[in-house]
Structures are given as structure tokens and as C-alpha cells.
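An overview of the molecular structure
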Amino acid sequence: MKKTIRDFDLRGKKVIIRCDLNVPIKDGVITDNNRIVESLPTIMYAIKNNARVILMSHLGRVKELADKKLYTLQPIAKELSNLLNKEVIFVPETQGKKLEQAILNLKDGEVLLMENTRFEDLEGKKESSCDLELSKYWASLGELFINDAYGSCHRAHASVSGIPKYLDSGIGFLVSKEIKALEGILNDNTHPFVVIMGGKKISDKIVLTENLLKKCDILLVGGGMSNTYLKALNYNVGLSIYDPDNIDFCKSILEKYSDKIFLPIDVVASKSLDGEKEAINKDVSLVEDDDYILDIGEKTRKLFAEKLKESKRAIVNGPMGLFEIDAFSNGTKAIYEALDNYKVKTLIGGGDTAFSVNKLGFKNKFYHVSTGGGATLEYLEGKMLPGIEAIDEK
Ligand code: ADP
Ligand code: MG
């Protein structure tokens, strides 16, 4: 068992909390503050327990000097301050006298946010390559390290897995909540266990598919992903996205797990991607050369819903169609409706998938919607997450 923030006496201590405050920002305005909101419980607990709170986070990818302007944490400090209803001291540095002095000036219960950890990527990728000097330096700024950056736990970066090499450490509430939910679904022995996969890419999700196929009873495949499977069965997918490099993978999986895998039997196709041309429901065998497959069809929705009716638990990764456009969102919606109606214990993983749940009106309807894309995928693949590995055991 990993230590958690509850295992430490925080009073008067300089506590570094690594959060994932990597929110989408457009023209200086935060468009979705969910990640900041999810970070609040740990920060508030530290404040309440009179810690001197030093927050760290990355934002975006910092490759050249001009990125510094784009990816400053300044707007995040403001939003955080609003949400906490409390001053957040923002230090626009990632090292040096100014930062050190500001930390020395911190009083019990005060909060400071350091500038974007990835500013240290400009010279030699120090953050992303987990430079040990940098890790040691950041560790020297505090007395305890708490990792609550769930969305970054699959990254072996200085601010994630480097600092705890030099400091006592524990996980925060968000990380514990996410891991508990993942274990809660994977180690629950109820069956049938269904995996629903969709979305754009197969290549990113091969290991995941293989790993989950060993555990699940049924795999329902939709979305852009299913086009590659259809192609492997020699169907025409017209102009639809598919992954030519992974047709052989699909063939082998279909052979090995023929009794478990269900593919679309009909689709919603259109002559354009933007929803401007007609959306036509057709059998998979009737797709034309100039068609885009953009959603699962009505018969498929029924078939998938039937499978879900008997199910006890499910993992969803990837939407069933191009849900961002209303005309192609009905397949994804139908699956969420079935999961909700039949009270299937459902874990949603994947960045776009989580977004689709909220957009289509299913917020708070499921057992767990994970806030981490890559971290959740890697966990479900059976990999250890470096950000969690690095934390002290109880
Ligand atoms: P996640 O981020 O949840 O892991 P992905 O990034 O793999 O999911 O895929 C999500 C994207 O896939 C969405 O933006 C969605 O519009 C797109 N998508 C799903 N089905 C199709 C399709 N048939 N054609 C084109 N894009 C699709
Ligand atoms: Mg995505």
C-alpha cells in the first residue's frame, strides 16, 4: 500500500503537491476547469491542516521560448484562487532566489504555485527526462512530496517521479480515488464483463485490447476503430478512417477471440464529414467508395444494448462515432443509455470519451469517469505507473 497525504503530520511543513492542472486554454481563457476542480480536495486538506503548500504542475508542451507565453500557469493561479476563495501566490519561476524566498516567506496554510514545470524542458528536457539534479533541487524546496497529478502518473518526469527519490512521499486524494476505481472494476469478479472500444486509433490501443480480451467476456467494437476490423473482414469502408498497419492485428484477434468480439452490422454513413450531407443508415456490406462511416447503425445499437442488458460491469474506451457532430452522436448516446438503464457498473476511460459522456448528458451517471487519458490506458494495459511506483510504501 502506498502512503497517502493522511499518513503525515502537515502542520508547518513545506508540502510540495504535484497536481495536474493541465487544462485547455484558449486566448488566455480556461475552457474547461475540471482538472483544477478535481485537484481541490487535496489542496484544501493541506490548507486545513496548516501546511505551507507549494503547488507544481505542467501545462502543454514547451519546446521553444515563445511557448512560455502560451503556457504560463498565471491564468491557472487566478482560477485556483477563485475556486479556493483564497490568495494563491504565483511565482513566475521554476528555480532561483525569487522562488526560494517566496517559499521561505510562506506561512502555515498559505498556498504558492510555481511556474510550469515544463519550462525546464527548454534547455535539455530536464523535466521530461527526469534530470536528477533538477529533481533534487525541487525536492530541496520542500519537506514532503504529495503526488496528486493522476493524469501525469504515466510520465517518469522530474516533478512526478524524480522528486520523491529525495523526499518522503505520499499520494493525494485524486490519485487514490482513480486507482481505487480502476481496481474496483478490474478486481470485481462479476460477469459478464464487457469492454466497449471505439474512437480513432488502434495503434495506441493494441496492448490494451489484448490485455482486456484476456479478462472480459464480450468486446463490442465501434467508432473509427471498427473500420479496421471491418477492413480485415474485406468490407469496403469507403473514405472512412482506418489503420492500414493494423489490419493483420485485427485479423489475428478476430480469429483468436471470434466468440467474444462483436462488430457493427450496420453504420451511419455520409458523403461528408461535417454533417452537411445526409446521414444514411446502411448495412456494413452496402458502404460505397465515397462514403464516410461516422457512427454505428440502429441494428448495431440494439445488438450492443442486448449484450449490455446481461452485463454486470463494463469499461468504455472510445466513442462509437464522430459524436462532436449531433448527427453522428446517436450511437454513442445509445450505448450510454443502455449502460445507465441496465445499471452496469461502468468505468469510462480516455480523454475524448470522458468529454463525450458530459456532452451527451451522462455526467454523474456512471461508476467512474477517469480524469486521466494516457495514465488510465496504461494502467488498464497492466503497466505500472512511474508516478505511483515512486511513492513510499506504508
Ligand atoms: P480517447 O481520447 O477517449 O482515447 P480517441 O482519441 O481514440 O478516444 O478517439 C476519439 C475521437 O474519435 C473523437 O474525436 C471522435 O470524433 C472520433 N471518432 C469516433 N468514431 C469516428 C469515426 N467513425 N470517424 C471519424 N472519427 C471518429
Ligand atoms: Mg483522444
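Residues numbered from 1 in each chain as written. Chains lettered and ligands numbered in written order. Predicted model: local features only at pLDDT ≥ 70, side-chain atom pairs only at ≥ 80, totals over all residues. Heavy atoms only, no water.

**Observations concerning the layout of surface pockets**
Defined as follows: Of the grid points, spaced at 1 Å and generated over the protein atoms alone, those admitting a 1.4 Å probe that cannot get out make up cavities, while open sets with protein on both sides within 12 Å along at least five of seven lines make up pockets; any residue with an atom within 4 Å of a point is treated as lining. Grid points are joined across faces, edges and corners, and a volume is the space filled by probe spheres set on the points. Helix and strand assignments come from DSSP, with helices taken as H or I runs of at least 4 residues and strands as E runs of at least 2, each series counted from the N terminus.
The volume enclosed by the second largest pocket comes to roughly 480 Å³. Every residue lining the second largest pocket is counted, 18 residues in all, and those nearest its centre are Met1, Lys2, Ile171, Ile179 and Glu183. In terms of residue count, helix 7 (residues 173–186) provides more of the lining of the second largest pocket than any other element does, seven residues in total.

**With respect to the environment of Lys48**
Its place among the elements puts Lys48 in helix 1 (residues 34–48). Spatially, the C-alpha atoms of Lys48 and Leu70 are 33 Å apart, while their sequence positions differ by 22 residues.

**Here's the deal with the environment of Lys394**
Note the threshold: Residue contacts follow a heavy-atom distance rule, with two residues in contact if any of their heavy atoms lie within 4.5 Å.
Within the fold, Lys394 resides in the segment after helix 15 (386–389). Considered as a pair, Lys394 and Asp7 are 387 residues apart in the sequence and their alpha carbons are 8.5 Å apart. With sequence-adjacent residues up to four places away left out, Lys394 is seen in contact with Met1, Lys2, Lys3 and Asp7.

**A word on the sheet that holds strand 14 (residues 292–296)**
This is how the line gets drawn: Strands are labelled as partners when DSSP assigns at least two bridges between them. For helices, the fitted line uses only the C-alpha atoms of the stretch in contact; every axis is such a line through C-alpha atoms, and the angle between N-to-C directions lies from 0 to 180 degrees.
Read across the open sheet, the three strands follow the order 13-12-14; overall the sheet is antiparallel. Only two strands of the sheet have a single partner each, and these edge strands are strand 13 (280–283) and strand 14. Pairs of neighbouring strands in the sheet enclose a mean axial angle of 45 degrees, with direction left out of account. Sheet topology note: the strand 12 (residues 266–270)/strand 14 ladder contains four bridges and is antiparallel. Counted as the bridge partner of Val267 is Ile296 from strand 14. Those strands touched by helix 11 (residues 298–309) are strand 12, strand 13 and strand 14, and its axis lies near 35 degrees from that of strand 14.

**A closer look at a positive patch on the surface**
Here is the rule we go by: Each patch is built from salt-bridge-free residues with over 30% relative accessible area, joining like charges within 9 Å and nonpolar side chains (Val, Leu, Ile, Met, Phe, Trp, Tyr) within 5 Å. All accessible areas in this document rest on Shrake-Rupley with a 1.4 Å probe, and a residue is counted as covered only by the protein chains that are shown. Here, a salt bridge means any Lys or Arg side-chain nitrogen found within 4 Å of an Asp or Glu carboxyl oxygen. Asp and Glu are treated as the negative residues and Lys and Arg as the positive ones, with His and the ends of the chain left uncounted. Charged groups are reduced to one reference atom each: NZ for lysine, CZ for arginine, CG for aspartic acid, CD for glutamic acid.
The grouping of Arg61, Lys63, Lys125 and Arg155 at the surface amounts to a positive patch. Of note, Lys125 is situated in the loop between strand 6 (111–114) and helix 5 (132–140).

**Let's talk about the site of ligand 1**
Cut-off, in case you're wondering: We call a residue near a molecule or strand whenever a single non-hydrogen atom of that residue lies within 4 Å of it. Here a polar contact is recorded for every N or O atom pair within 3.5 Å, except that within protein the pair must consist of a potential hydrogen donor and a potential acceptor, and residues adjacent in sequence are included only if both atoms are side-chain atoms.
Not every one of the 18 residues close to ligand 1 is listed here, only the nearest: Lys205, Ile293, Glu324, Asp352 and Thr353. Measuring from an oxygen atom of ligand 1, one finds a side-chain N or O atom of Lys205 at 2.8 Å. Between a nitrogen atom of ligand 1 and a main-chain N or O atom of Ile293, the distance comes to 3.0 Å. In terms of residue count, helix 13 (residues 351–359) provides more of the shell around ligand 1 than any other element does, three residues in total.

**What to know about the packing of helix 9 (residues 223–232) against helix 10 (residues 247–256)**
Just so we agree on the cut-off: Angle categories: roughly parallel below 35 degrees, roughly antiparallel above 145, roughly perpendicular from 65 to 115, and oblique for all the rest. Only Asp, Glu, Lys and Arg are considered charged, only Ala, Val, Leu, Ile, Met, Phe, Trp, Tyr, Cys and Pro nonpolar, and every remaining residue, Gly among them, polar.
The contact between helix 9 and helix 10 brings their axes to 8 Å, and the two run at 75 degrees. In terms of axis orientation, helix 9 runs roughly perpendicular to helix 10. Contact with helix 9, carried on its side by Thr228, Tyr229, Lys231 and Ala232, involves Ile247, Phe249, Cys250, Lys251, Ile253 and Leu254 of helix 10 and no other residues of that element. Taken together, the residues that form the contact of helix 9 with helix 10 break down as seven nonpolar, one polar and two charged.

**Section: empty space enclosed by the protein**
Applying the stated criterion across every chain yields a total of one cavity of 30 Å³ or more. Residue lining of the largest cavity: Asp20, Arg35, Glu38, Gly151, Leu174, Thr371 and Gly372, and that is the complete set. Taken together, the residues that form the lining of the largest cavity break down as one nonpolar, three polar and three charged.

**Points about the pattern of salt bridges**
Proximity of charged atoms lets side chains of opposite charge pair with each other. Our working definition: Exposure is judged per residue with a 1.4 Å probe applied to protein chains only, and the accessible area is read against the type maximum: over 50% gives exposed, under 20% gives buried, and values in between give partly exposed.
Tallied over the entire structure, the rule returns 18 salt bridges. The closest approach of N and O atoms between Lys2 and Glu393, which form a salt bridge, is 2.9 Å. A residue pair is termed long-range when its members are at least 10 positions apart, and Lys2 in the segment before strand 1 (14–18) and Glu393 in the segment after helix 15 qualify at 391 residues. By relative accessible area, Lys2 is classed as buried at 17%. Among the residues examined, Glu393 registers a relative accessible area of 46% and is labelled partly exposed. A salt bridge links Asp290 to Lys271, with the shortest nitrogen-to-oxygen separation between them at 2.9 Å. Residue Asp290 is found in the loop between strand 13 and strand 14, and its partner Lys271 is found in the loop between strand 12 and strand 13; the two are separated by 19 residues along the sequence. Classification of Lys271 as partly exposed rests on a relative accessible area of 32%. Linked through salt bridges whose partners overlap, the residues forming this network are Lys271, Lys282, Glu288, Asp290 and Asp291.

**Here we look at helix 13**
The criterion, for reference: Here the arc refers to the set of directions running from the helix axis out to each C-beta atom.
The complete set of buried residues in helix 13 reads Thr353, Ala354, Ser356 and Val357. With its buried residues spanning 155 degrees around the axis, helix 13 presents them on a single face. Tucked inside the fold, the buried residues of helix 13 contact strand 15 (313–317), helix 12 (330–341), strand 16 (345–349) and strand 17 (368–369). Directly beyond the C-terminal end of helix 13, a positive phi value near 90 degrees is found at Gly361.

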